Every structure is written in structure tokens, then in C-alpha cells.
Amino acid sequence: MNEDVLSLEAISKTYNAGKPNEVQVLDQASLLLKRGEVVALVAPSGAGKSTLLHIAGLLDTPDTGVVRIDGKDMTRLGDHARTAARRRQVGFVYQFHHLLPEFSALENVVLPQLANGIAARMAETRARDLLQRVGVDNRADHRPAALSGGEQQRVAFCRALANAPSLLLADEPTGNLDPVTSDQVFAALMALVRDTGLSALIATHNLELARRMDRMVKLDEGQVSMVLS
Ligand code: ADP
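**Side note on the overall build of the protein**
The secondary structure content of the protein amounts to seven helices and ten strands. A total of 229 residues make up the protein; the buried ones form 49% of that total. Considering only contacts within the protein whose residues lie at least 6 apart along the sequence, 72% involve residues at least 24 apart. Summed over all atoms, the accessible surface of the protein reaches about 10900 Å², with 50% contributed by carbon and sulfur. Taken as two groups, the 25 positive and 27 negative side-chain charges of the protein have centres that lie 4 Å from each other.

**A few points about the environment of G18**
Position of G18 among the secondary structure elements: in the loop between β1 (4–15) and β2 (23–34). Accessibility expressed as a relative area gives 71% for G18, which makes it exposed.

**Some details on helix α1 (residues 49–56)**
In terms of burial, α1 is largely enclosed, as six of its eight residues are buried. Along α1, the residues that are buried comprise K49, T51, L52, L53, I55 and A56. Positive backbone phi, approximately 65°, marks L58, located one or two places after α1.

Thresholds applied
Residues numbered from 1 in each chain as written. Predicted model: local features only at pLDDT ≥ 70, side-chain atom pairs only at ≥ 80, totals over all residues. Heavy atoms only, no water. Helix = DSSP H or I, 4+ residues; strand = E, 2+ residues; numbered from the N terminus. Buried < 20%, exposed > 50% of the residue type's maximum accessible area, 1.4 Å probe, protein only. Contact = heavy atoms within 4.5 Å. Areas by Shrake-Rupley, 256 points an atom, 1.4 Å probe, with all protein chains shown as cover. Lys, Arg positive; Asp, Glu negative; His and termini not counted. Charge placed at Lys NZ, Arg CZ, Asp CG, Glu CD.

Shown next as C-alpha cells:
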């Protein structure tokens, strides 16, 4: 099994190339994430964190450079194969939960599995197990509007992990929560990640949370560099 779950090799990305509002966001950015490693991505707003996460998660393509997930070059895949790889291998969590409002917490974790061809009964068993691990199994039948902010994010973590990806990408996952809830929800996320042996790249402004990860990297002038904590 390949030990580098995510490999970003000399990724460059420019928006509005050749126009007056051209902005080069990434300039030969490189990053390796080993299996089971949890890395904090720390940088000010506008530095390119979301762009980097979108490229790593196959939601966007780089102008140049290579993205490998589980050792496989994803930059050469066509749209269909890239979407399939993303669905199987990558989980996303955002600042806002983005749960489907008309479905229960359980259904929100079951649906991505059905879309991935998992049988309904197996999908439900896995969803209940995930919800239980983050302490919201007693909210399984509630719709998102009936959940607290912290509970919504816990369910969003379960949804991201529903298809047992090898890589979790998170963009300020506790950014909308008050400090106490943020701390608890982050601990739940870390426990879930450690439990499943997942690799994670987590963008955050919160240095205290960043220090609880395995290491920290920053984005500066379009390049990724290590931060010594
Ligand atoms: P961060 O997540 O660190 O706040 P982003 O990756 O969202 O940074 O954005 C980095 C820079 O790229 C910003 O200057 C932003 O305005 C610009 N940008 C992001 N997406 C686009 C886009 N689709 N078109 C043009 N400019 C963009």
C-alpha cells in the first residue's frame, strides 16, 4: 500500500490569466501527507487555502503540477473517473455543514453511500456506527435544523467519512462554532480520524487547534512550507 496518501507536486494555479485582474494563487506548491498523518494548513484569508484544498480534493484542476492520491496520478483522469475517485477516496468538511435539510442526520450519512453503490442495510449500519462514534446517535432521526451547530458539524464529519475515504480535507471545520463547542467538536473529529487511520489536511486560523495536529504547514507567496511549532 502506498504510504503517501496525498502528494501535491509543484502545483501552480492562476485565476484570470492574462487579464488585468490576474492572480497567481499557487506557485509550485508541494506537500506530502503520509497515511494516518493529520496536518494543519495555516494561512491568512486569501492566501489560497481553499484553492489548495479544492485541487487536492479533485474539485478543481491545477494549471501545472501533479496531484496523486494513494499513489495514483489524478491529474490525467477524465471528468468521469475523477468524480468517481473523489467520491471513493476523498471526504470534505466545510465551515458550514451543508447537510441536506429535508433528510435526517442518519439519511445524510446513508445517501452518499447509496450513491456509491453500497446496499441500503450496510449503509445504515455504517451510518449508525459513525454517528455513535461522534456522540450523535441519539440525534439520528433529527433533521439538521433540529440539531445544534456542534451536532450539525459532527454529522457532517460522519457524512464525509461515509464512504471510508483515505483522505479527509477540511476547510475551517469548527470556524462557525463558539470556542468551547469548537474544542469539543475538534476533539471528536480527531478521535474519528485517529480511529479510522485516515490522513487529513485541515485548514484553520486557530493556532491552538493547529498545534494539536501532527504538524503544521503554511501557505506563503503560493508555496507550502513547514511551520515549526
Ligand atoms: P483562502 O481560502 O486562503 O481564503 P482562496 O483560495 O479562497 O484563499 O483564494 C485565494 C485568492 O484567489 C484570493 O485572492 C481569491 O480572491 C482568489 N480566487 C479564489 N477563487 C477564485 C476564482 N474562482 N476566480 C478568481 N479568483 C479567485
